[in-house]
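Results of the structural survey
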Amino acid sequence: MTYSVVGKSIKRVDAVAKVTGRAKYADDFFERDTLVGKILRSPYAHAVIKNIDVSKAKALPGVEAVLTYKDVPQTKFATAGHPYSLDPKHRDKEDRSILTNKARFVGDAIAAVVATDELIAEEALKLIEVEYEVLEPLLTPEDAMKEGAPQIHEGCERNILASNGNEYGDLEAAFQEADHIFEGEYETSIVQHCHLENQVAQAYVDTDGRIVIITSTQIPHICRRVVGQALGIPWGKVRIIKPYVGGGFGNKQEVTIEPLTAAMTLAVGGRPVKLELSREEVMIDTRTRHAFKFKIKTGLTKDGKLLGIHIKTISNTGAYASHGHSIAMSASSKFRPLYPVKGFKYEPLTVYTNLPAAGAMRGYGAPQIFYAFECHLDDVARKLNMDPIELRKKNFVEVGFVEPVSKNKVLSCGIRECVEKGKELIKWEEKKARYVNQTGTKRRGLGMACFSYASGTHPVSLEIAGARIVLNQDGSVQLQIGATEIGQGSDTVFAQMVAEVLGIPMDMVHVISTQDTDITPFDTGAYASRQSYVTGMAVKKAALEVKEKILDFVWGMTDIPAHMLDIRDANIIYKHSGEIVMPLEKAAMQTYYDTVFAKPITSDTTNNARINAYSFGVTFAEVEVDIKTGKIQVLEIFNVHDSGQILNHQLAEGQVHGGVSMGIGYALSEQMLFDEKTGKPLNNNLLDYKLPTIMDTPDIGVAFVETFDPTSSFGHKSLGEPPAISPAPAIRNAVLDATGVEFNRLPMNPQRVFEKFKEVGLI
């Protein structure tokens, strides 16, 4: 479908503010005499605090308060940014307290200081004396699940947070029918989001006695609720203000520092306090991506048709539940729609360990499970002597498929077209023929990997969003949404939607980017690639209501029936001829100032999206592998997406570039490292943690297959997270093609690759 504004590469509405430095982030807000907060962290991975003496720290001039677990509510609360559930069984695990009397990882928050400046706060931390009873650190799920292992959280048997899975069909019958049974084991690593802006929050008590927190968050309305729960106060006593955000990737879909910041301001009589984490703190005491271990068993016919899939998973959730088992379950839900089979069973275990807590990160379990299964499919294809593309094509989902567990229906699917387009872009056939029988020390290969992904969380979670539009006197509009712009461009596409529906230029849509829980419509936030899909429904609904009200008002002004009118280029026109009836501005002025009929036009709309749509796509990669050194170089990479109708091509390409870059790091270099005996972090900084640089990143090819999904407001589907899902298995499969060696563990860094080549005799 063709639109006049939607689908165009329109400049971001926040571009000028950001590139000129005028955009205000949480650290840019200042209150008079703001105090500084700092956190004392445990040097032990597992220890009980037997005694803590803060008297020397309190006596230091410039120290305004020192907090321990004795000074804050010991209410257990959940930090994960999920919508609240009225059913207690569906709520997140409440296992966190503002400050703890039992350290569960190196870096756990034991005490906090509020001082007049940063240097005094740092000095005060050194004066706090803590006596620990050190316990055995449990650093792997296997160790944590051993009989007799100490419990990280009391009452949690074998430290297993949860073990529920899902299944459909008759798996045993499917395996009995199969001509071939294949098995494989795969493992992913702990990585960190590394967003540019560290977590920072400022809190103070307003004149009405309410706590105000200015914070870098993806989930302002959820953050408000969690702070209220943590402090044991009514949620309405908390106000969250979210300014511009310097990236989150899921890490800010978690309420990490806000409850402590609120407790700090309460400890100093409501004076403003700022708490800003260092990069080292962010990397250990915000969230990481879960490390997964997979055992996969598949049954296929002799011609490559998948009949049964059995996946067992162990997920390392770290010291606290965070998003916990939700990520393991989400991995299955994102994966199931791509390859329908007769029998499916998924058995996940999510396990506590004494490592930093893992939480939401771009893809939410999908990068892990698609790495494992897409690697497995290439392994199967080699054993069957079958082209990996042909194997997948035999098994792809068809339009009309109803996913048996969620009951979501596939109403649009361009996966086959995506594969064909990617195959053509990378010149698959030509290069495959060229790279046969390589013998040199540098060898090249091609790989590919597919994915599916949802557009939100329905039916697992609530999907509600709100939008408010106000018609101004000059015919322009203000748009307020609770959905959070965190760098992905959502404010821009929402403005495009409004401009499209109302028939006005983009510069007449003024987006209020700052979310304030006191005044912005309710929305659960930026996660699950939901915003353009879910919030887009509310935005379009509000814009249609405003348009209807405008045309009805003009009917009263002119006696021309509303159904004969439209709005184009900020003019009221005859629908049939395009003849201008009057400028929109004239009608807007009349709505404000007509002495008889004045009635300013607004819409305040909420939409509960009880529906979902699946995106699909593929990555094709070409690599060169240096056999002598183990270095893998990505020569070409193409990410092809069916995300429905593309709302803004330039922004969409930007999303893909960012996601592919993350996927390359996941594949080749990124990994958080810890001392194997103590759990101490070894590389929680941007020097030792190996993010890809511009020198490591090839030109990234982007392409789209534009289907139209009838469930969304403009035919679009998710795109925020999908680009990060399939690069890692595509690169791994290209290395397999080049060398014949299976790498079933991430990352494939030179050391690991070199050692594997020695093991198999290539070196």
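Remember, it's a predicted structure, so these values are computed and weren't measured experimentally. Residue positions within a chain follow its written sequence, with the count starting from 1. For this predicted model, a pLDDT threshold of at least 70 governs which residues receive local features, and a threshold of 80 or more governs which side-chain atom pairs are given and counted, while totals over whole chains, interfaces and linings are taken from all residues. Working from all heavy atoms in the structure, the side-chain values ignore hydrogens and water.

The next point concerns the overall build of the chain. When you go through the chain residue by residue, the secondary structure sums to 19 helices and 30 strands. Our radius of gyration looks at C-alpha atoms and nothing else; its globule reference is 2.2 Å times the residue count to the power 0.38. A globule of 763 residues ought to have a C-alpha radius of gyration of about 27 Å, and the chain, at 27 Å, matches this closely. Its C-alpha atoms put the chain at 90 × 70 × 50 Å along the principal axes. Considering only contacts in the chain between residues 6 or more positions apart, those separated by 24 or more positions represent 80%. Secondary structure elements are taken from DSSP: a helix is a run of H or I of four residues or more, a strand is a run of E of two residues or more, and numbering for both begins at the N terminus. The contact criterion used is simple: two residues touch if any of their non-hydrogen atoms lie within 4.5 Å.

To continue, consider helix α18 (residues 727–739). Think of an α-helix as turning once every 3.6 residues; residues three or four places apart then point the same way. To estimate how far a helix should extend, the number of its residues minus one is multiplied by 1.5 Å. Given a rise of 1.5 Å per residue, 13 residues ought to cover 18 Å, and the 18 Å separating the end C-alpha atoms of α18 matches this to within 8%. Considered for burial, the residues of α18 that qualify are P727, A728, P729, A730, I731, R732, N733, A734, V735, L736, A738 and T739. One or two residues past the end of α18 sits G740, with phi positive at roughly 80°. Residue exposure (1.4 Å probe, protein chains only): buried if accessible area is under 20% of the type maximum, exposed if over 50%, otherwise partly exposed.

Let us look at empty space enclosed by the protein. Of the two site types, the cavity is a set of points on a 1 Å grid over the protein atoms alone where a 1.4 Å probe fits but cannot get out, and the pocket is an open set with protein on both sides within 12 Å along at least five of seven lines, each lined by residues with an atom within 4 Å of a point. Grid points are joined across faces, edges and corners, and a volume is the space filled by probe spheres set on the points. Throughout the structure, instances matching the rule amount to three cavities of 30 Å³ or more. In this structure, the largest cavity spans a volume of roughly 220 Å³. Along the walls of the largest cavity sit 22 residues, with R96, S97, I98, T256 and D285 positioned nearest its centre. Sorting the residues of the lining of the largest cavity by element identifies β1 (35–41) and α7 (258–267) as the ones contributing at least two each. When residues are grouped by polarity, Ala, Val, Leu, Ile, Met, Phe, Trp, Tyr, Cys and Pro land in nonpolar, Asp, Glu, Lys and Arg in charged, and all others, Gly among them, in polar. In the lining of the largest cavity, the residues fall into 11 nonpolar, four polar and seven charged. There is about 70 Å³ of room inside the second largest cavity. Along the walls of the second largest cavity sit V191, R289, M361, P367, M662, G663, Y666, E670 and A724, which together make up its complete lining. The greatest single-element share of the lining of the second largest cavity, amounting to three residues, is contributed by helix α17 (residues 649–668).

Quick look at the state of the cysteines now. Two cysteine sulfurs form a disulfide in these notes if their separation is within 2.5 Å. Using the criterion set out here, one finds zero disulfides in the structure. Cysteine C450 shares no disulfide, and the gap to the nearest cysteine sulfur, in C418, comes to 8.6 Å.

What follows deals with the sheet that holds strand β29 (residues 632–642). Strands qualify as paired when DSSP identifies two bridges or more between them. Pairing is mixed in the open sheet, where four strands are placed in the order β19-β28-β29-β30. Strand pairing shows two members of the sheet lacking a second neighbour, β19 (442–453) and β30 (700–704), which therefore form its edges. The sheet shows a mean angle of 15° between the axes of neighbouring strands, direction not considered. Here β29 runs beside β30; their pairing, made up of five bridges, is parallel. When the sheet's bridge partners are listed, N639 is paired in β30 with V702. Packing of helix α12 (residues 415–425) onto the sheet brings it into contact with β19, β28 (615–626), β29 and β30, and relative to β28 it is tilted by some 25°. Helix axes are fitted to C-alpha atoms over the stretch in contact, other axes to C-alpha atoms as well, and angles between N-to-C directions run from 0 to 180 degrees.

Moving on, we come to the side chain of N683. Tracing the chain through its elements places N683 in the loop between α17 and β30. What qualifies as a polar contact is a pair of N or O atoms within 3.5 Å, subject to a donor-acceptor requirement within protein and to the restriction that residues adjacent in sequence count only when both atoms come from side chains. Only 2.9 Å separates the side chain of N683 from the backbone oxygen of Q671, close enough to count as a polar contact. Setting aside anything within four residues of it in sequence, one finds N683 in contact with M283, Q671, M672, L673, D688 and Y689.

It is worth spelling out the packing of aromatic side chains at this point. Here the aromatic set is Phe, Tyr and Trp, taking the six-membered ring for Trp, and pairing holds for ring centres within 6.5 Å; pairs whose planes are under 30 degrees apart are stacked, those over 60 apart are edge-to-face, and all others are tilted. Taken as a whole and judged by the stated rule, the model has 16 aromatic pairs. Considering the side-chain rings of Y44 and Y132, the 5.1 Å spacing of their centres and the 70° angle between planes classify their relative orientation as edge-to-face. You can see Y44 sitting in the loop between β1 and β2 (47–53) and its partner Y132 sitting in strand β6 (residues 129–134), a full 88 residues away along the chain. A residue is classified by how much of its surface remains accessible, and Y44, at 35% relative accessible area, is partly exposed. Here Y132 falls in the buried class, since its relative accessible area comes to 18%. Aromatic ring contacts, followed pair by pair, group Y168, F335, Y339, F344, F370, F373 and F396 into a single cluster. One Lys or Arg, K297, reaches over the ring of F175 and ends 4.8 Å from the middle of that ring. Its end group placed over the ring of Y527, R530 keeps NZ or CZ at 5.3 Å from the ring centre. Note on geometry: a ring has a charge over it if NZ (lysine) or CZ (arginine) is within 6 Å of the ring centre and within 35 degrees of the ring normal.

At a closest axis distance of 10 Å, the pairing of helix α15 (residues 531–558) and helix α16 (residues 584–593) adopts a crossing angle of 85°. In terms of orientation, α15 and α16 fall into the roughly perpendicular class. Contacts from I550, F553, V554 and M557 in α15 reach L584, A587, Q590 and T591 in α16. Of the residues contributing to the contact of α15 with α16, the split by class is six nonpolar, two polar and no charged. An angle below 35 degrees is treated as roughly parallel, one above 145 as roughly antiparallel, one from 65 to 115 as roughly perpendicular, and anything else as oblique.

The subject of this paragraph is the sheet that holds strand β26 (residues 580–583). Two pairing modes exist for strands in a sheet, parallel and antiparallel, and in both the strands are linked by backbone hydrogen bonds. Spatially, the three strands line up as an open sheet ordered β24-β25-β26, and their pairing is antiparallel. A strand with exactly one partner marks an edge of an open sheet, and here the two such strands are β24 (565–568) and β26. For this sheet the average axis-to-axis angle between neighbouring strands, irrespective of direction, equals 30°. Sheet analysis places strand β25 (residues 571–574) next to β26, joined by three bridges and oriented antiparallel. Bridging across to β26, I572 finds its partner in M582.

In this structure, the amide linkage connecting H458 to the following residue, P459, adopts the cis form with an omega of 10°. Here P459 lies in the loop between β19 and β20 (464–471). Put simply, L746 and P747 share a cis peptide bond, and its omega is -5°. Looking at where P747 falls in the secondary structure, it is placed in the loop between α18 and α19 (750–760). Positive phi, normally seen in glycine, also occurs at K407, with a value near 70°. Among the secondary structure elements, K407 is positioned in the loop between α11 (388–393) and α12. A residue is classified by how much of its surface remains accessible, and K407, at 58% relative accessible area, is exposed. A positive phi angle is found at N437, which is not glycine, with a value near 60°. Within the secondary structure layout, N437 lies in the loop between α13 (428–434) and β19.

It is worth spelling out the environment of G232 at this point. Tracing the chain through its elements places G232 in the loop between α6 (220–231) and β13 (238–242). Of the residues examined, G232 reaches a relative accessible area of 59% and is grouped as exposed. Between the alpha carbons of G232 and Q74 there is a distance of 9.4 Å; along the sequence they are 158 residues apart.

Along its 13 residues, helix α14 (residues 490–502) runs 18 Å from first to last C-alpha, staying within 8% of the 18 Å computed at 1.5 Å per residue. One or two residues past the end of α14 sits G503, with phi positive at roughly 70°.

Interhelical geometry of α17 versus α18 gives an angle of 50° and a closest axis separation of 8 Å. Judged by the inter-axis angle, α17 sits oblique to α18. Note that α17 runs across α18; the crossing there is right-handed. Residues V660, G663, I664, Y666, A667 and L668 of α17 form the contact with α18, whose participating residues are P727, A728 and I731. Partitioning the contact of α17 with α18 into residue classes produces eight nonpolar, one polar and no charged. Whether a crossing is left-handed or right-handed is set by the direction in which the near helix is turned from the far one by less than a right angle, anticlockwise for left-handed and clockwise for right-handed.

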